[in-house]
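Coordinate inspection notes
Okay, here's what each chain looks like letter by letter:
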Amino acid sequence: MKISTNEYFQKMAGYITEQQSNIAQSQLKLSKGDSLSSASDNTRVATASLSLKSAVERQEGYVSNLKLLDMKLNETEVLAISARDQLTRIREILIRSANQTYSDQDRAVMGREISLIKDNLLSMMNSTDTSGNYIFSGIKNRTKPFQKNEEGIIEFLGDNSAVNIQVGPGQSMRS
């Protein structure tokens, strides 16, 4: 069987066109950094890839939540240490004021200092985090948790409910 020149050129042109198409597909894959240029190339691999991307995004969300919890814990720890120091100072003032060598005027000055410390403690207990949420108000994080009523008594207006943040599949932590 003889092949004519015309038929030979047509077959070669078809072969070259097919190879150019393969090269274009390879270039597309390389430029995307993917092994697939479209999901229809290999649906099983494409599905696994999407599943993996979804898992990575979930893990990044968990990491973000853990960083948020760590930051909130650090803020709370700083406030607790500062409150402890303030209460220690009040204790020192009270012990010193029991000494009979101080006059009523000296005790009045000590009382003003205690009042200032009390106001500072109230301010600390109404601290907000970087998002502007009140740290000690529970799930009512936009409500100022400690406020003085008309009689000057400090009331807690926050919520005691725990705020749980997802930190892993089926795992959450209190914030």
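Scroll up for the structure.
An account of the accompanying structure is given in this report. Since this is a predicted model, take the numbers as computed values, not measurements.

The next subject is the pattern of salt bridges. Between side chains of opposite charge, a pair can form as their charged atoms come close. Scanning the model with the defined rule gives five salt bridges in all. Between Asp85 and Arg84 there is a salt bridge, and its shortest N-O distance comes to 3.5 Å. Classification of Arg84 as exposed rests on a relative accessible area of 52%. Lys148 is the partner of Asp119 in a salt bridge, and the nearest nitrogen-oxygen pair spans 3.6 Å. Here Lys148 lies in strand β1 (residues 146–148) and Asp119 lies in helix α3 (residues 104–125), a separation of 29 residues in the sequence. Classification of Asp119 by relative accessible area gives partly exposed; the value is 36%. Salt bridges here are not isolated pairs; linked through shared partners, they connect Arg89, Glu92 and Glu113.

Attention now goes to the pairing of strand β3 (residues 164–168). Every regular strand shows the same layout, with side chains that alternate between the two sheet faces. Two elements, β3 and strand β4 (residues 171–174), share four bridges in a ladder whose sense is antiparallel. In the strand pairing of β4, Ile165 is matched with Met173. Turn length for the β3-β4 hairpin, with the two strands adjacent in sequence and antiparallel, is two residues, and the turn residue Gly170 shows positive phi of about 75°.

All right, on to the side chain of Asn133 then. Examined against the element boundaries, Asn133 turns out to sit in the loop between α3 and β1. When its relative accessible area of 16% is taken as the criterion, Asn133 is described as buried. Beyond its immediate stretch of four places on either side in the chain, Asn133 contacts Ser127, Thr128, Asn141 and Arg142.

A few words now on the nonpolar core. In terms of nonpolar packing, the biggest core is built from nine residues, these being Leu79, Ala83, Ile90, Ile93, Met110, Ile117, Leu121, Met124 and Ile135. Sorting the residues of this core by element identifies α2 (43–97) and α3 as the ones contributing at least two each. Apart from the residues within four sequence positions on either side, Ile117 is in contact with Gln86, Arg89, Ile90 and Ile93.

All right, on to the environment of Asp159 then. By the secondary structure assignment, Asp159 is in the loop between β2 (154–156) and β3. Setting aside anything within four residues of it in sequence, one finds Asp159 in contact with Ser137, Gly138, Ile139 and Lys140. Among the polar contacts listed, one links the side chain of Asp159 to the side chain of Ser161, at a separation of 2.6 Å.

This part covers the packing of aromatic side chains. Under the definition given, this model contains one aromatic pair. Ring centres 5.1 Å apart and planes at 50° place the aromatic pair Phe146 and Phe156 in the tilted group. With Phe146 in strand β1 and Phe156 in strand β2, the pair connects residues that are 10 residues apart, well separated along the chain.

Procedures and definitions
- Residues numbered from 1 in each chain as written.
- Predicted model: local features only at pLDDT ≥ 70, side-chain atom pairs only at ≥ 80, totals over all residues.
- Heavy atoms only, no water.
- Salt bridge = Lys/Arg side-chain N within 4 Å of Asp/Glu carboxyl O.
- Buried < 20%, exposed > 50% of the residue type's maximum accessible area, 1.4 Å probe, protein only.
- Helix = DSSP H or I, 4+ residues; strand = E, 2+ residues; numbered from the N terminus.
- Pairing = 2+ DSSP bridges.
- Contact = heavy atoms within 4.5 Å.
- Core = buried A, V, L, I, M, F, W, Y, C linked by side-chain atoms within 4.5 Å.
- Polar contact = N/O pair within 3.5 Å; in protein donor to acceptor, adjacent residues only side chain to side chain.
- Phe/Tyr/Trp six-rings, centres within 6.5 Å; stacked < 30°, edge-to-face > 60°.

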